[in-house]
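Working through the structure, step by step
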Amino acid sequence: MKLFCAFFMAEMLNFAGINVYRYTTNPSDRKRRKALMWTVGVLIVIAIAYLAGMAYGYERFGIGRITPMAFPLIAVVVVFVVGALRAGGCLYRTKDRELLASLPVGSLPIAAARLAKMYVIGALITAVVLIPPFVCYGICHNPGILFWVCIPAEVLILPILPVALSAWVGIVFCAIIARMRHKVLAEVLIALVLVFGMFLVTSQFSAGSFSVSISELTHGEDGAELSKEQMNERIAEKAKEAISKLEETVPALTTWRSFFSGEKPVGLLLFGLASLVLLGLTALAIGHNLFAITGRLAPVAYHREYKLSELQSSSMTEALVRKEAKRYFASGVYVTNTILGPFFVVAIAIALLFFDPASVLSKLGNLPIAMNPTAAVPFLLAVPFCMMSITASSVSMEGKNWWIVKSLPIASKDVWNAKILFNLLVFAPFYAASEVILLFADARFGVAGRLWVMAVPLVYAAFSAVFGLFLNIRFPKFCWETETEVVKQSAAVGLSLLAVFAAILPGAAVLIVPEAYSSLATAAIVVVLCFVTALLYKTICAVELRNLGD
Amino acid sequence: MLVIKNLTKIYKGTTKGISNISLHVEKGDIYAFIGHNGAGKTTLLKAITGIHPFDSGEVKIDGTDVSADPLEVKRRIAYVPDNPDIYEFMTGIQYLNFTADVFGVSTAEREERIARYAEEFEIAGSLGDLISGYSHGMKQKLVLISAMIHEPKLLIMDEPFVGLDPKAAFLLKEHMRKMTAGGCAIFFSTHVLDVAEKLCNKVAIIKEGHLVTSGLMSDVVKETSLEDIFLETVSDAK
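All of the points below concern the structure found in this document. (Residues numbered from 1 in each chain as written. Chains lettered and ligands numbered in written order. Predicted model: local features only at pLDDT ≥ 70, side-chain atom pairs only at ≥ 80, totals over all residues. Heavy atoms only, no water.)

A word on the pattern of salt bridges. Should their charged atoms come close, side chains of opposite charge can pair. All chains considered together, the criterion is met by 26 salt bridges over all chains. Where Glu485(A) meets Lys477(A), a salt bridge forms, and the shortest distance between an N and an O atom there is 3.7 Å. Asp165(B) serves as the salt-bridge partner of Lys141(B), at 3.1 Å between the closest nitrogen and oxygen. Note that Lys141(B) is positioned in helix H5 (residues 136–148) and Asp165(B) in the loop between strand S7 (154–158) and helix H6 (166–181), a separation of 24 residues in sequence. According to the relative accessible area criterion, Asp165(B) is partly exposed, its value standing at 33%. Three or more residues are tied together by salt bridges with common partners; here these are Asp62(B), Glu72(B), Arg75(B), Arg76(B) and Lys153(B). (Salt bridge = Lys/Arg side-chain N within 4 Å of Asp/Glu carboxyl O. Helix = DSSP H or I, 4+ residues; strand = E, 2+ residues; numbered from the N terminus. Buried < 20%, exposed > 50% of the residue type's maximum accessible area, 1.4 Å probe, protein only.)

Residue and element names in this part refer to chain B. Strand order across the open sheet formed by six strands is S6-S7-S8-S3-S9-S10, with mixed pairing between neighbours. Sheet topology places strand S6 (77–80) and strand S10 (210–216) at the edges, where each strand pairs with a single neighbour. Along the sheet, successive strands turn relative to each other by an average axial angle of 15°, direction set aside. Alignment of S6 against S7, held across four bridges, turns out to be parallel. Counterpart to isoleucine 77 in the pairing with S7 is leucine 154. (Pairing = 2+ DSSP bridges. Axes fitted to C-alpha atoms, helices over the stretch in contact; angles between N-to-C directions.)

Moving on: the packing of aromatic side chains. Applying the stated rule across the entire model yields 26 aromatic pairs over all chains. Chaining the aromatic ring pairs together yields one cluster made of Phe134(A), Tyr137(A), Phe147(A) and Trp148(A). Taking NZ or CZ as reference, Arg30(A) lies 4.6 Å from the ring centre of Tyr21(A), over its face. Positioned over the ring face of Tyr117(B) is Arg116(B), at 4.8 Å from the centre of the ring. (Phe/Tyr/Trp six-rings, centres within 6.5 Å; stacked < 30°, edge-to-face > 60°. Lys NZ or Arg CZ within 6 Å of the ring centre and 35° of its normal.)

This part covers the pairing of strand S3 (residues 30–35) of chain B. The two faces of a sheet get side chains in turn, since along a regular strand they alternate between them. Residue and element names in this part refer to chain B. Most of S3 is tucked away, with six of its six residues classed as buried. Neither face of S3 is exposed, since Ile30, Ala32 and Ile34 on one face and Tyr31, Phe33 and Gly35 on the opposite face are all buried. Here S3 pairs with strand S8 (residues 185–189) via four bridges, running parallel. Looking across to S8, one finds that tyrosine 31 is bridged to phenylalanine 187. Judged from the five bridges that link them, S3 and strand S9 (residues 202–207) form a sheet pairing that is parallel. The partner of alanine 32 across the bridge, within S9, is valine 203.

Shown next, in the form of structure tokens:
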């Protein structure tokens, strides 16, 4: 137990960079870390507001009873996916294997401490996903004191099962990746399957479950247009039907719901107990074999005798872009974190081929009804480009190699241009594919609509790349242990998510603008965004790279 | 070749750095720069290569001011850091080719030089491997080759002998002599005082950011050894 505590403390010591923040004597590092903490805080507040809003929406449509069923399920899926993706870097970490193997301790306390860290992360995720909707549910339904008492227990119990399962799935992923020649590709494919799978599962519990054709909601059986109140009633009616159908089809969901609604606390405890047993067995099984597992997962460097062949010279820009490409594709976590958005663009384009824009909007964003859904399509395609720009971490990813660029005869502007250009080159095939796919849905958009479908995502892609680099130059982080710290946990990346709002908010505005003015509104947004992008680019070009980093 | 006048660089929020340093490295010089850990050797080397901005003073390389035209200066020099942190996601040959592209070395010249240096440093067979699989010494050899690929006028090195095997260390010394015989100047920091004494014609000693002594090796060392002078200097100087 003592050893477990020691290793657990070591694992948690620098959780979220708190320890470095406390003891760093570098004022700029301290400032950066503070900015990161604020960013994470703001993102958590946004997530809380979104989830509470979602639960409130369910209440408004009279389907609030879905809350104790859907949100625990969403939490389980998210904790599982995050756990499975993190297992390689946390539970099966190979970096410190030799150091730990040289210590006079078995691997069980080490594995248990790492699992405990994964559990703490899972519990934090569960708290964010579960508490806001449950508070909303509790206020609206007044389910009794037991419901409120059970919430902390639910937050503690719920992540146990997905953490245990993710440890097993993680080992499979790590084993597959370790044996593949193209490790990064394997890592990216696995992440894509997991995230899209998660998206499909969770979307079944969002407004998408109740999607019906838009005309069914806006028009009565006699074809007459319905008032707003009538439309809301119609939506609620259809949603209730869908929930009842779902509960009939999967009866286990009713039992699941009763665990988290405070109706069956004993059931919740039994569920917790069973989960705990599984986690204990997992810890034992993996713990006793951790060094053997990590030994097999450690990457092997293959040597082939090299014969110098003809070399090709290229221009400075080409060389820099090629370097960016090699850096990018060498990191699984970098690719995974930034490629999902562009994949979503193509997925949305495919969805628009088969469904009308209103249905796609309702699937994606809990917007079952809109005045002008077709006008929002260009913004729908633009949002994923803004989700995670490559440039938001491309400067920080230079890490200890930053001295190379600084010591070479390269103008700062060339370095920034190469980073932006590479970001756009990654987006290009996805943009092209979505545009080609949407050619087949042309008739729905009209000439003006077609123009905006082409222009808006392009302008947003450029904005996202420039904005990301602007932030990374403002908040660079060259000193890091793992790429995850830069790609997922840096202030620049957190702040770059704000770009999503630059796409969502105007998109939402266009959604409610009368059709006659939608083109004008879109044009105004495009012009403003082009201006902002140009301004940011000018600011970037004025930055000297030697002023970045110590 | 390298003129440093009253160079001062203090790290923000600290008192660490270098203060009021002046040095003169001429064509053909092999100039050793020695000092205890944390004395400011790396800070000075990074300031003169344009990696770090400095607070005041002047650095001119081959007549060009580092602050006024850093790109032109960088084209004429090469820098070898104390730790060979290079792009581990590239293969050795890709890294050398990248460096050659940046310095605008022609295809024929880069092929000839890479082949020659890689053979000499015995890493030709490993150039197709990822740098992440290289040992510290192999990375150091690769950095040295990349520094020589464009035939710089001034070579600045930060403890270049660390991690090199005896043969590679010998080769490096030979190359340093050859390069300076051809008109190049070399300014490098080292803790290996024997090598510095035998190899270099000039030496500078730094202590806590201040230059304690500098000049011709023969004038500084006189009848004693560099080790004695160094120990004496760093313990006496204020």
